[in-house]
Amino acid sequence: MAFEELKENLFEADVNIQSYIKSSEEYIKLKSFKALMIGITFITKLLIVSALVGIALLILSLALAIFFGEVLDNLVFGFLIVGLFYALIGLLTYFLRNKVNSPLLKKFSNYYFNKI
């Protein structure tokens, strides 16, 4: 009789362990799907917003270059001024790139580890 009870307890333990493993596997799949979808939706939104901002910036830059060209009576100088402005912004971004890494890393690590 004791062996039958032990056998039943072992069988129940085995069923419980298999159920736990299956539910853990499903949980991991669900959690990884959630993390993947957060990343995909973030990248999609980033690409859409970046494209729209880029188009708006291009149109505004052309308008500003034409405006400066008309003010200076030389269209080339207008485009040169806008081009040099973007070159200056590019150089500032290049030299300050290391100061941007730390805050971005902190923000995204907090977002990633607290949201998932």
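Asker: Pulling in residues and values, what's your account of the packing of aromatic side chains?
Answerer: Counting across every chain of the model gives three aromatic pairs. For the ring pair Phe67 and Phe68, a centre distance of 6.0 Å and an interplane angle of 45 degrees mean the geometry is tilted. The exposure class of Phe67 is partly exposed, given its relative accessible area of 47%. Residue class for Phe68 comes out partly exposed when judged on its relative accessible area of 26%. On the basis of an interplanar angle of 70 degrees and a centroid distance of 5.5 Å, the ring pair of Tyr94 and Phe95 is categorised as edge-to-face.

Asker: Break down unusual backbone geometry for me, with residues and values.
Answerer: One non-glycine residue with positive phi stands out, namely Asp73, at about 60 degrees. One can find Asp73 in the loop between helix H1 (2-72) and helix H2 (75-95).

Asker: Got a sec to walk through a nonpolar patch on the surface? Specific residues and values, please.
Answerer: Together, Leu57, Phe85, Tyr86, Leu88, Ile89, Leu91, Leu92, Tyr94, Phe95 and Leu96 give the surface a local cluster of nonpolar side chains, amounting to about 990 Å² of exposed area. Sort the elements by how many residues they give to the nonpolar patch and H2 lands first, with eight residues. Its location among the elements puts Tyr94 in helix H2. A residue is classified by how much of its surface remains accessible, and Tyr94, at 47% relative accessible area, is partly exposed.

Basis of the calculations
- Throughout, residues of each chain are indexed from 1 in the direction in which the sequence is written.
- Per-residue local features of the predicted model are confined to residues with pLDDT of at least 70, and side-chain atom pairs are confined, for both listing and counting, to 80 or more; whole-chain, interface and lining totals are unaffected and use all residues.
- Note that the side-chain values use all heavy atoms of the structure and ignore hydrogens as well as water.
- Any two rings among Phe, Tyr and Trp, with Trp reduced to its six-membered ring, count as a pair given centres within 6.5 Å; such a pair is stacked if its planes are under 30 degrees apart, edge-to-face if over 60, and tilted if neither.
- Exposure classes here rest on a 1.4 Å probe applied to the protein chains alone. A residue is buried below 20% of its type maximum, exposed above 50%, and partly exposed in between.
- Helix and strand assignments come from DSSP, with helices taken as H or I runs of at least 4 residues and strands as E runs of at least 2, each series counted from the N terminus.
- Like charges within 9 Å and nonpolar side chains (Val, Leu, Ile, Met, Phe, Trp, Tyr) within 5 Å are joined into patches, using only residues over 30% in relative accessible area that form no salt bridge.
- Each accessible area is a Shrake-Rupley estimate made with a 1.4 Å probe; only the visible protein chains count as cover when residues are assessed.
- Any Lys or Arg side-chain nitrogen located within 4 Å of an Asp or Glu carboxyl oxygen qualifies as a salt bridge.

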